[in-house]
Amino acid sequence: MKNNIVKTRLSSKQPVVGVLSNSADPTIAELCGFSGLDFYMIDGEHSPVTTAQVQDIVRACEVSGITPLARVRSNDPKLILQFLDAGVMGIMLPGVRTAAEAEALVKAIKYPPAGKRGFAPVRSADYLLGTMNQGEYVEFANEQILILPQIEDQEAIDNLDELMAVAGIDGFVIGPRDLAMSMGYYDGASHDEVKRTIAGAVEKINRSGMIVGTTAISGDQARALADRGVHFCLVSLAGLIHSAAADFVKSRQTV
């Protein structure tokens, strides 16, 4: 297992940016790494990516120097285990609402004594052929894995104090679109009440010293968010391509 560069930067309050990708093609991950992004998050929720494809995507991330993360579709310990064993260095779980759900996530991700993750001589452990013995690897993995529940529901906002008190959680990623829908705004997150709710959550998480993240549609927006203490910013692969394409086609516009 490698050092988690993203977690190290975040612990020093340095902003990181990356992509949430629904592609099963490892080449996309490789290109994102060589393009300078900090992390590549495999979307295991809104995509056809299977656990059998994760290992090759992670390899491509390692080749190009980008940290592999994953959003898993459910709080299923065996599913989470497969992503981690392949070498994913952080897990984002959508729809976490209660402290009990957050505690279950931590238990699924961390080895004993902090959790209940099962052990095997798998890729993340260098097949036990690397420089670490089992005990050293278990301790190292528990330190390096990034754990980020997603705040996507009003219930999670209401329970935020309890969620922040769960040992092992590194921070939270706010999902504006789903949060807005849970608040009754089905047309998006542009409403003042939604903005106030998100701003309040960001402030509270920042005061706790934990990581706070959300989506950004551009580098300028990510920079503005970082100024507010939002140091983990991600854009969808579709959004990244659309933004780059829109900028590129400006070249054919006449003055």
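This is a predicted model, so every value here is computed, not measured.

### Quick word on the overall build of the protein
Part 1 of the argument: Check the secondary structure of the protein and you find 12 helices and 8 strands.
Part 2 of the argument: For 255 residues, the compact-globule formula gives about 18 Å, and the C-alpha radius of gyration of the protein, at 18 Å, lands near that figure.
Part 3 of the argument: For the protein, buried positions account for 49% of its 255 residues.
Part 4 of the argument: Sequence-distant contacts, at least 24 apart, represent 64% of the contacts inside the protein between residues at least 6 apart.

### A word on helix α2 (residues 26-34)
Part 1 of the argument: For α2, the complete set of buried residues consists of Ala 29, Cys 32 and Gly 33. Along the long axis of α2, the arc covered by the buried residues comes to 100°, so they all point the same way. Of the exposed residues in α2, those oriented more than 90 degrees away from the buried face are Leu 31 and Phe 34.
Part 2 of the argument: Structurally, the start of α2 carries an N-cap: the backbone nitrogen of Thr 27 is 2.9 Å from a side-chain oxygen of Asp 25.
Part 3 of the argument: One or two positions beyond α2, positive phi appears at Gly 36, with a value near 100°.

### Overview of the packing of aromatic side chains
Part 1 of the argument: For the coordinates displayed, the defined rule picks out 4 aromatic pairs.
Part 2 of the argument: Measuring from ring centre to ring centre gives 5.5 Å for Tyr 111 and Tyr 137, while their planes differ by 70°; the resulting arrangement is edge-to-face. Taken together, the residues Tyr 111 in the loop between α5 (99-109) and α6 (134-144) and Tyr 137 in helix α6 connect sequence positions 26 residues apart. Of the two residues, Tyr 111 and Tyr 137, neither departs from the other in class, the shared state being buried.
Part 3 of the argument: An aromatic cluster is present here, built from Tyr 111, Phe 119 and Tyr 137 joined pairwise through their rings.

### Digging into the side chain of Asp 170
Part 1 of the argument: Within the element layout of this structure, Asp 170 appears in the loop between α8 (160-164) and β6 (171-174).
Part 2 of the argument: Here the side chain of Asp 170 touches Ile 147 through a polar contact of 2.8 Å, landing on its backbone nitrogen.

### Re the pairing of strand β3 (residues 67-71)
Successive side chains on a regular strand alternate, one facing one side of the sheet and the next facing the other.
Part 1 of the argument: With 5 of its 5 residues buried, β3 lies for the most part within the structure.
Part 2 of the argument: Burial along β3 is two-sided: Thr 67, Leu 69 and Arg 71 and Pro 68 and Ala 70, pointing in opposite directions, are all buried.
Part 3 of the argument: Inspection of the sheet shows strand β2 (residues 39-43) paired to β3 by 5 bridges, in the parallel sense. If you follow Tyr 40 over to β3, its bridge partner there is Pro 68.
Part 4 of the argument: Where β3 and strand β4 (residues 90-93) come together, 2 bridges link them in parallel fashion. The partner of Arg 71 across the bridge, within β4, is Met 92.

### As for the sheet that holds strand β1 (residues 16-21)
Part 1 of the argument: The strand order β1-β2-β3-β4-β5-β6-β7-β8 describes a closed barrel built from 8 strands, whose pairing is parallel. Ignoring strand direction, the axes of neighbouring strands in this sheet form an average angle of 25°.
Part 2 of the argument: As defined by bridge partners, strand β5 (residues 146-151) adjoins β6 across 2 bridges and the pair is classed as parallel. Residue pairing for β6: Gln 150 is matched across the bridge by Val 173.

### Focus: the pattern of salt bridges
Part 1 of the argument: One pass over the structure, following the stated rule, counts 12 salt bridges.
Part 2 of the argument: The salt bridge partner of Lys 7 is Asp 170, with a shortest N-O separation of 3.4 Å. Separated by 163 residues along the polypeptide, Lys 7 in helix α1 (residues 5-11) and Asp 170 in the loop between α8 and β6 bring together distant segments of the chain. Of the two residues examined, Lys 7 and Asp 170, each falls in the buried class.
Part 3 of the argument: For Glu 62, the salt bridge goes to Arg 123, with nearest N and O atoms at 2.5 Å. In this pair, Glu 62 is assigned in helix α3 (residues 51-64) and Arg 123 in the loop between α5 and α6, connecting sequence segments 61 residues apart.
Part 4 of the argument: By relative accessible area, which is 14% here, Arg 123 ends up buried.
Part 5 of the argument: Through salt bridges with shared partners, one network takes in Asp 43, Glu 45 and Arg 71.

Rules and cut-offs
Residues numbered from 1 in each chain as written. Predicted model: local features only at pLDDT ≥ 70, side-chain atom pairs only at ≥ 80, totals over all residues. Heavy atoms only, no water. Helix = DSSP H or I, 4+ residues; strand = E, 2+ residues; numbered from the N terminus. Rg over C-alpha atoms; globule rule 2.2 N^0.38 Å. Buried < 20%, exposed > 50% of the residue type's maximum accessible area, 1.4 Å probe, protein only. Contact = heavy atoms within 4.5 Å. Arc of directions from axis to C-beta. Polar contact = N/O pair within 3.5 Å; in protein donor to acceptor, adjacent residues only side chain to side chain. Phe/Tyr/Trp six-rings, centres within 6.5 Å; stacked < 30°, edge-to-face > 60°. Pairing = 2+ DSSP bridges. Axes fitted to C-alpha atoms, helices over the stretch in contact; angles between N-to-C directions. Salt bridge = Lys/Arg side-chain N within 4 Å of Asp/Glu carboxyl O.

So far we have only geometry, and geometry alone does not tell us how the molecule works.
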